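If you want the building blocks of each chain, they are given just below.
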Amino acid sequence: MTDVTASAPRLIDRLPAVRGRLIEAAPLAGVTWFRVGGPAEVMFKPADLEDLSAFLAEKPEDVPVTVIGVGSNLLVRDGGVPGVTIRLGREFAEIDLDGDRVLVGAAALDLTVAATVCEAGIGGLEFLSGVPGTIGGALRMNAGAYGGEMKDVVVQARAIDPKGLVHELGPADLGFAYRRSALPDGWLFIDAVLQGRLEDSQTVGERMAAIKSKREESQPLRTRTGGSTFANPPGSKAWELIDRAGCRGMAIGGAQVSEKHCNFLINTGLATAADVEDLGEEVRRRVLAASGIELHWEIRRIGVRNRD
């Protein structure tokens, strides 16, 4: 006799075999810098590019895929992330130097890349020391800081599509614009070649030290935050609009607009993802009312929101 009360098949049982790791109900709050959010239904950590390609080619088409890095500019909603969440590991974090060019894996930390090329006497990439996160995320959003952007230094990149096919992309294909690229949804960056310039390593180090000092003076680096919350509108600075709208220090639940830099939202200790998102939306509403300018989220928000 059939048991009509039997539960639906688990997602992990529908997925192809891998050489890497598949983890069911993988916690994500500890991965993100906000330290909030629900779990991934299944987390996939591929062993290498071949493993990743085979998985994408063989997985059921109805299974959604989400890619995360180190969670620096990410808000995971409290209901968790359905489908498969892919997180690239050290197998995708290579940093190889060739004269004044650098091959960097998508999982390489921006700060690690900046420090490595500084030691090698390669300049022009110092801005990466002021960008939290990984190269993959920096490519996806054309990250920039302190006078530099990814569009200024990317020679070429490789990405993998939802079918597991690898594509080589030039600057024109990447379509970099302010805080975005033209990479289609569902594609994952694998690696990129960055163009620097040969310089004295001490000079490069001094510029990196200046960036570090500026960040420490102006940003709440030692708090649970997600970096810059909103992109700067054309001709304006997001933090100034937020300040003029009276939002500095404003709080909802355990989330607060930073007193130090009001384009940063912080988790004061007991925030939920809903607190953070609600606070961001209230900031957007007040800025629009005060200035007529609509702020757009720079922080990436993923997953399912629990019902209030």
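On a predicted model such as this, the values are computed, not experimentally measured, just so you know. (Residues numbered from 1 in each chain as written. Predicted model: local features only at pLDDT ≥ 70, side-chain atom pairs only at ≥ 80, totals over all residues. Heavy atoms only, no water.)

A.B. asks: Can you explain the overall build of the protein? Please cite residues and give values.
C.D. replies: A tally of regular secondary structure across the protein gives 8 helices and 19 strands. Projected onto its principal axes, the C-alpha positions of the protein cover 75 × 50 × 30 Å. Residues classed as buried in the protein amount to 48% of the 308 residues present. Within the protein, contacts between residues at least 6 apart in sequence are counted, and of these 65% link residues at least 24 apart. Carbon and sulfur atoms make up 50% of the accessible area of the protein, which amounts to about 14,800 Å² in all. Put simply, the protein has 35 plus and 42 minus side-chain charges, and the middle of one group is 5 Å from the middle of the other. (Helix = DSSP H or I, 4+ residues; strand = E, 2+ residues; numbered from the N terminus. Buried < 20%, exposed > 50% of the residue type's maximum accessible area, 1.4 Å probe, protein only. Contact = heavy atoms within 4.5 Å. Areas by Shrake-Rupley, 256 points an atom, 1.4 Å probe, with all protein chains shown as cover. Lys, Arg positive; Asp, Glu negative; His and termini not counted. Charge placed at Lys NZ, Arg CZ, Asp CG, Glu CD.)

A.B. asks: Residue-level account of helix α2 (residues 49-58), with values.
C.D. replies: For an α-helix, the turn length of 3.6 residues means that residues three or four places apart are oriented alike. Along α2, the positions that sit buried rather than exposed are D51, L52, S53, F55 and L56. On its buried side, α2 packs onto β1 (21-26), β2 (40-45), β3 (65-68), β5 (81-87), β11 (154-160) and β13 (188-195). Between the side-chain oxygen of the N-cap and the backbone nitrogen of E50 there are 3.3 Å, and the N-cap of α2 in question is D48. (Polar contact = N/O pair within 3.5 Å; in protein donor to acceptor, adjacent residues only side chain to side chain.)

A.B. asks: Residues and numbers for the pairing of strand β6 (residues 95-98), please.
C.D. replies: Where β6 and strand β7 (residues 101-105) come together, 4 bridges link them in antiparallel fashion. In the strand pairing of β7, I95 is matched with V104. With antiparallel pairing between neighbouring strands as the criterion, β6 and β7 make up a hairpin whose turn holds 2 residues, including G99 at a positive phi of roughly 65 degrees. (Pairing = 2+ DSSP bridges.)

A.B. asks: Residues and numbers for the sheet that holds strand β12 (residues 166-169), please.
C.D. replies: Reading across from one edge, β6-β7-β13-β11-β12 is the order of the 5 strands in this open sheet, with antiparallel pairing throughout. Only two strands of the sheet have a single partner each, and these edge strands are β6 and β12. Looking at each pair of strands side by side, their axes are set apart by 15 degrees on average, direction ignored. Contacts from α2 reach β11, β12 and β13, with the element oriented near 50 degrees to β11. Running at roughly 30 degrees to β6, helix α3 (residues 110-119) makes contact with β6 and β7 of the sheet. (Axes fitted to C-alpha atoms, helices over the stretch in contact; angles between N-to-C directions.)

A.B. asks: Lay out the sheet that holds strand β17 (residues 255-257) in plain terms, naming residues and giving numbers.
C.D. replies: Here we have 4 strands laid out as an open sheet, ordered β15-β18-β17-β16, and antiparallel in their pairing. Two strands lie at the open edges of the sheet, namely β15 (224-225) and β16 (251-252), each paired on one side alone. Sheet topology note: the β15/strand β18 (residues 265-267) ladder contains 2 bridges and is antiparallel. Bridge pairing links T225 to I266 in β18. Against the sheet, helix α8 (residues 273-291) contacts β16, β17 and β18, and its axis sits at roughly 30 degrees relative to β17.

A.B. asks: Let's hear about the pattern of salt bridges: which residues, and what values?
C.D. replies: In this structure the tally under the stated criterion is 22 salt bridges. Between D62 and R14 there is a salt bridge; the shortest N-O distance is 2.8 Å. Taken together, the positions of D62 in the loop between α2 and β3 and R14 in helix α1 (residues 11-14) put the pair 48 residues apart, joining distant regions of the chain. Taking relative accessible area as the criterion, R14 reaches 38% and is therefore assigned partly exposed. Its salt-bridge partner being D48, residue R19 comes within 2.7 Å of it at the nearest N-O pair. Of this pair, R19 sits in the loop between α1 and β1 while D48 sits in the loop between β2 and α2, placing them 29 residues apart in sequence. By relative accessible area, D48 is classed as partly exposed at 26%. Each of R77, E277, E281, R284, E294 and R301 takes part in one network of salt bridges that share partners. (Salt bridge = Lys/Arg side-chain N within 4 Å of Asp/Glu carboxyl O.)

A.B. asks: I'd love a proper account of the packing of α3 against helix α6 (residues 201-218), names of residues and values included.
C.D. replies: Two numbers describe how α3 lies on α6: the axes approach to 8 Å, and their chain directions differ by 150 degrees. In terms of orientation, α3 and α6 fall into the roughly antiparallel class. Side by side, α3 and α6 meet where A114, A115, C118 and E119 of the first sit next to S201, V204, G205 and M208 of the second. Class assignment for the residues of the contact of α3 with α6 results in 5 nonpolar, 2 polar and 1 charged. (Parallel < 35°, antiparallel > 145°, perpendicular 65-115°, else oblique. Nonpolar A, V, L, I, M, F, W, Y, C, P; charged D, E, K, R; others polar.)

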